[in-house]
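# Structural overview
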Amino acid sequence: MAMAAHTDWARLAKPLLVTVTTICFTSFVYKLIKMRSMFYRLKKQGLPMPPWNPLLGNLPAMAGLQKRGPADTREAELFALLSTEIPGGEGGFYVDVWPFSCPMLVVTSPALAVQAAQTYDLPKPNVLQSFINPMAGGSDNLFVTNGPHWKHSRDMFNHGFSMATAMTHLPCILEEAEVFVQMLTQHARKGDTFSLDQLTCRYTMDIIGNVALNTRFRFQEQHNPIAAAMRDIIEFECGIEAGGMLARWNPRRLYRQWQNGRTLNHLIGLELDKRYQEWCQTTAKASSDTRAQSIMDLVIADYMQTRPSQQALDPEFKRWATIQIRLFLFVGHDSEATTIIYALYLLHKNPETLKEIRAEHDRVFSSSSAHTVLQTHPEKINQLSYTHAVIKETLRLFPPANGLRGGRPDVSLRDEQGRSFPTEGCAIWIVHPAVHRNASVWPQPHAFLPERWLVGPDHPLYPPTGGWRPFEHGPRNCIGQNISMLGVKATLAMIVRQFDFHDAYAEYDREHPSDSGIRTVFDERAYMIQKGAGHPAQGFPCKVTLRENS
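Here we summarise the structure given alongside this text. Small disclaimer: the values here were computed from a predicted structure and weren't measured. (Residues numbered from 1 in each chain as written. Predicted model: local features only at pLDDT ≥ 70, side-chain atom pairs only at ≥ 80, totals over all residues. Heavy atoms only, no water.)

## A look at the pattern of salt bridges
Going through the model one piece at a time under the given rule, you end up with 31 salt bridges. In this structure, E85 and R68 form a salt bridge, with 2.2 Å as the shortest nitrogen-oxygen distance. Placement of the pair is E85 in the loop between α3 (75–83) and β1 (92–95) and R68 in the loop between α2 (59–65) and α3, with a sequence separation of 17 residues. For E472, the salt bridge identified is with R469, shortest N-O distance 2.7 Å. The class of E472 is buried, set by a relative accessible area of 11%. Among the residues examined, R469 registers a relative accessible area of 0% and is labelled buried. Via salt bridges that share partners, D197, R231, E235, D334 and K531 belong to a single interconnected network. (Salt bridge = Lys/Arg side-chain N within 4 Å of Asp/Glu carboxyl O. Helix = DSSP H or I, 4+ residues; strand = E, 2+ residues; numbered from the N terminus. Buried < 20%, exposed > 50% of the residue type's maximum accessible area, 1.4 Å probe, protein only.)

Here is the structure:
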């Protein structure tokens, strides 16, 4: 009987396998023909794209693009380089790399970027979730949701991220900046080479923990399980890009991400419980606590306005709030750290600019430390106009992130030449390095010129409308940009007059010879790699010295 059953199964297995294989192959060929036909029509319309053929699309061109920079170069920088080589690509171009990715419209000009993010406010595409959700812990996060659900969440957080509220967090930022100064002083005294990226990420993680949860992680000085778990998640997610497609299904990675997620959800949940209990106490009696309310303090208070008090925080709200906190911990520290590092890098590459920013700090703070002055006169942070210009120019040259939107059948983007770019079926990638270095709209696009942000509309250097987009524009702009800009400005005020920074890339390159010989992008050795947000290559090996008379 068993032998007969085995024979019957063997007889059925072969035709079943043939049928499944035929269906899969037919489906693949159908999708291939559909995709290549779509791009054939676009090409016939004269719309720009890299060299394309009906069988492989743009895959050969993309393979060649990877050889244009160091192996770990962020893709956005490579696409910015590509945009200068494609006829008509200074506005935007299409990329066909199916089956490895969906059809893509790459936006490289302010005009198309304004239409995608502002005029039409196109939705966030589902493809974003695979990148953001591991850090956020769920798809119900502010970054990837759309429609009424997104609007409700955004409305709940707007007050917590306003400029007025951001200013109440300045004492918290200064508190963490003091520790950062101590860490830099220790390295200056030792004279060692260290990763400025690692040190600065720990610092900005402390800032966002303080601002978002009213919790001091002290991650600069010691281990913190919340901060460490988030950094570990980011490291593993970035390993996917370096390790190829198989890295996504690495059992060790899957286990570590599960373990890190449990740690974050549990510990953030405990912090939320503390915030709720504090809210209950302050509603029962007047509080003498003069601390600025954290973002979650404000959101809990707003949420409870229309609900009766109860012994514990509502579980569904707690789950949703945990996801948002994880998102803020990720984006709130990552891009701010990058901006601080690149601002210091550019200042010390440009001695005249460094001299000018120090002169401004001398005028505003006199002989006192910035920390002392800002504690008693926080409004003086708004007098640092040249420092603000330095930060904006840093973000123009080294934007930490890019924009991504989804196309619609009824939307076509139109460039200055009148060309119409259909968006149906495409992911729309607004490549910030390409927009920010677009020679058709930016004079001297690769030069570090903070003066761009201090001249009037009639000046040749005056920035183009919609051309500066590190926080994006429109309804979906970065909700945390006020706190981020304030944190970077306060940090520069605290350290620029006190320290001199020197990159140690020459030392690193001697110890780590390059196989390809390519070490720069846009002639910058500190080119950007993908590590959550864009970060400086090799963690920015650095030496720091105490400035004389600081």
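Text resumes after the structure shown.
## Observations concerning helix α5 (residues 129–136)
Listing the buried residues of α5 in full gives I132, N133, M135 and A136. Projection of α5 onto a plane perpendicular to its axis shows the buried side chains occupying an angular sector of 165°, all on one side. Immediately beyond the C-terminal end of α5, within one or two residues, lies G137, with a positive phi of roughly 85°. (Arc of directions from axis to C-beta.)

## A few points about the sheet that holds strand β11 (residues 541–546)
Spatially, three strands are ordered β3-β11-β8 in an open sheet, and the strand pairing comes out antiparallel. With partners counted over all chains shown, the strands left at the sheet margins are β3 (194–195) and β8 (499–503), one partner each. Across five bridges, the pairing between β8 and β11 is antiparallel. Its bridge partner lying in β11, H502 is registered against K543. (Pairing = 2+ DSSP bridges.)

## Considerations on the packing of aromatic side chains
Enumeration according to the criterion identifies 24 aromatic pairs in this entry. With a centroid separation of 5.0 Å and 65° between ring planes, the pair formed by F79 and W429 is classed as edge-to-face. Of this pair, F79 sits in helix α3 while W429 sits in strand β7 (residues 427–430); the two residues are 350 residues apart in sequence, bridging distant segments of the chain. Of the residues examined, W429 reaches a relative accessible area of 12% and is grouped as buried. Ring plane angle 15° and centroid distance 5.9 Å describe the contact between Y276 and W279, whose orientation is recorded as stacked. Of this pair, Y276 and W279 both sit in helix α11 (residues 251–284), three residues apart, roughly one helical turn. We note that Y276, like W279, is buried. Here the aromatic residues F157, F161, Y303, F317, W320 and F328 are joined through ring pairs into a cluster of three or more. For the cation-ring pair, R437 lies above F522, with the distance from its terminal atom to the ring centre recorded as 4.2 Å. (Phe/Tyr/Trp six-rings, centres within 6.5 Å; stacked < 30°, edge-to-face > 60°. Lys NZ or Arg CZ within 6 Å of the ring centre and 35° of its normal.)

## As for the sheet that holds β1
Spatial ordering of the open sheet is given by β1-β2-β7-β4, a layout of four strands whose pairing is mixed. Two strands bound the open sheet, and with one partner strand each, they are β1 and β4 (403–406). Sheet twist, expressed as the mean angle between neighbouring strand axes with direction ignored, is 20°. Bridge analysis of β1 against strand β2 (residues 104–107) gives four bridges, and the strand direction is antiparallel. When the bridges of β2 are listed, V95 appears paired with M104. Lying over the sheet, α3 contacts β1, β2 and β7, oriented at roughly 115° with respect to β1. Contacts from helix α4 (residues 110–119) reach β1, β2, β4 and β7, with the element oriented near 125° to β7. (Axes fitted to C-alpha atoms, helices over the stretch in contact; angles between N-to-C directions. Contact = heavy atoms within 4.5 Å.)

## Section: the environment of T353
Residue placement: T353 occurs in helix α14 (residues 351–365). You can call T353 buried: its relative accessible area is 8%. T353 sits 164 residues away from G517 along the chain, and the two C-alpha atoms are 31 Å apart.

## Some details on empty space enclosed by the protein
Under the definition given, this model contains one cavity of 30 Å³ or more. Quantified by volume, the largest cavity comes out at close to 40 Å³. In terms of lining residues, the largest cavity is bounded by E77, L397, F398, R437, V521, F522, Y527 and M528. (1 Å grid on protein atoms, 1.4 Å probe; cavity = no way out; pocket = protein on both sides within 12 Å on 5 of 7 lines; lining within 4 Å. Points joined across faces, edges and corners; volume = space filled by probe spheres on them.)

## Observations regarding the side chain of D297
Along the polypeptide, D297 turns up in helix α12 (residues 295–304). Among the polar contacts made by the side chain of D297, one reaches the side chain of R275 at a distance of 3.4 Å. Apart from residues lying up to four places away in sequence, D297 is in contact with N214 and R275. (Polar contact = N/O pair within 3.5 Å; in protein donor to acceptor, adjacent residues only side chain to side chain.)

## Concerning unusual backbone geometry
Look at the link from W98 to P99: it is a cis peptide, with omega at 15°. Relative to the helices and strands, P99 is located in the loop between β1 and β2. For R218, which is not a glycine, the phi torsion comes out positive at approximately 55°. Looking at where R218 falls in the secondary structure, it is placed in the loop between α9 (196–213) and α10 (225–243). By relative accessible area, which is 34% here, R218 ends up partly exposed. Residue F522 is not a glycine yet carries a positive backbone phi of 55°.

## Thoughts on the pairing of β11
Both β3 and β11 contribute to a ladder of two bridges, which runs antiparallel. Directly across from F194, in β11, lies its bridge partner C542.

The values reported here are purely geometric and, on their own, carry no functional implication.
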